[in-house]
Amino acid sequence: MNAFRSLADLLDLQALDSTIDRLLEERTGLPELARFKAAHEEAQRIETDLGRIRGELAETSRSLDKAEGELEILEEKARTTEQRLYAGGMNARETEHMQADVAMLQSQVGEREEEVLELIDAREALEEQEAAVAAEHVRALEEKAELEGAIKAAWAKIDAEIARKEARKAELVPSIDADLV
């Protein structure tokens, strides 16, 4: 009778091992894992895009600062040249050259103003794009965190079941004849 009991316990042990194997497969095959991987990759892609946009924004801001500085210099130079022109005391030839300088400086000021306006528009567009991508990044991170929480909860449940089966297995093994194990 003891041999039959040992064989029955051996069959129970085999069933426990099968259940543990199934639980381990279930743990590694959660559908949330694939979704988590996709969400992680999406978050990384968005983060890369955000870094690129922030780099472009920084470059545009530097270009804008430079253009604004150059514009201020040109405006000041145009003002001082114009003041010298209207101050008088020059012969006709000097006056003519001074008028040409003022016209050229005003033309350069106009070009630089256009450049500054274009850079301001570009910076504003990049800031809007940055805000949109940053919001998308936050959403992706929230989705990733939600999936991570679901995975951890599912794993905790599965791990608890595995622990119960392992405990039952530890109780069962001593009752089985060593030769059968």
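Preceding this paragraph is the structure being described.
Conventions we followed
- Residues numbered from 1 in each chain as written.
- Predicted model: local features only at pLDDT ≥ 70, side-chain atom pairs only at ≥ 80, totals over all residues.
- Heavy atoms only, no water.
- Phe/Tyr/Trp six-rings, centres within 6.5 Å; stacked < 30°, edge-to-face > 60°.
- Lys NZ or Arg CZ within 6 Å of the ring centre and 35° of its normal.
- Axes fitted to C-alpha atoms, helices over the stretch in contact; angles between N-to-C directions.
- Helix = DSSP H or I, 4+ residues; strand = E, 2+ residues; numbered from the N terminus.
- Parallel < 35°, antiparallel > 145°, perpendicular 65-115°, else oblique.
- Left-handed = near helix turned anticlockwise from the far one by under 90°.
- Nonpolar A, V, L, I, M, F, W, Y, C, P; charged D, E, K, R; others polar.
- Salt bridge = Lys/Arg side-chain N within 4 Å of Asp/Glu carboxyl O.

Asks: Account for the packing of aromatic side chains, naming residues and giving values.
Replies: Enumeration according to the criterion identifies zero aromatic pairs in this entry. Over the aromatic face of Trp155 sits the side chain of Arg27, whose NZ or CZ is 4.2 Å from the ring centroid.

Asks: So what about the packing of helix α2 (residues 31-87) against helix α3 (residues 92-172)? Which residues, and what values?
Replies: Closest axis-to-axis distance for the α2/α3 pair is 5 Å, and the angle between their directions is 165°. Judged on the interaxial angle alone, α3 and α2 are roughly antiparallel. Once α2 is placed against α3, the crossing between them reads as left-handed. Taken together, the residues that form the contact of α2 with α3 break down as 31 nonpolar, eleven polar and 27 charged.

Asks: So what about the pattern of salt bridges? Which residues, and what values?
Replies: This model, assessed by the stated rule, comprises 18 salt bridges. As a salt-bridge pair, Arg22 and Glu26 come within 3.3 Å of each other at their nearest N and O atoms. With Arg22 and Glu26 both in helix α1 (residues 2-28), this residue pair falls four residues apart, about one helical turn. One salt bridge in this structure joins Glu56 and Arg52, with 2.9 Å as the shortest N-O distance. Taken as a pair, Glu56 and Arg52 lie in helix α2 at a separation of four residues, close to a single helical turn.

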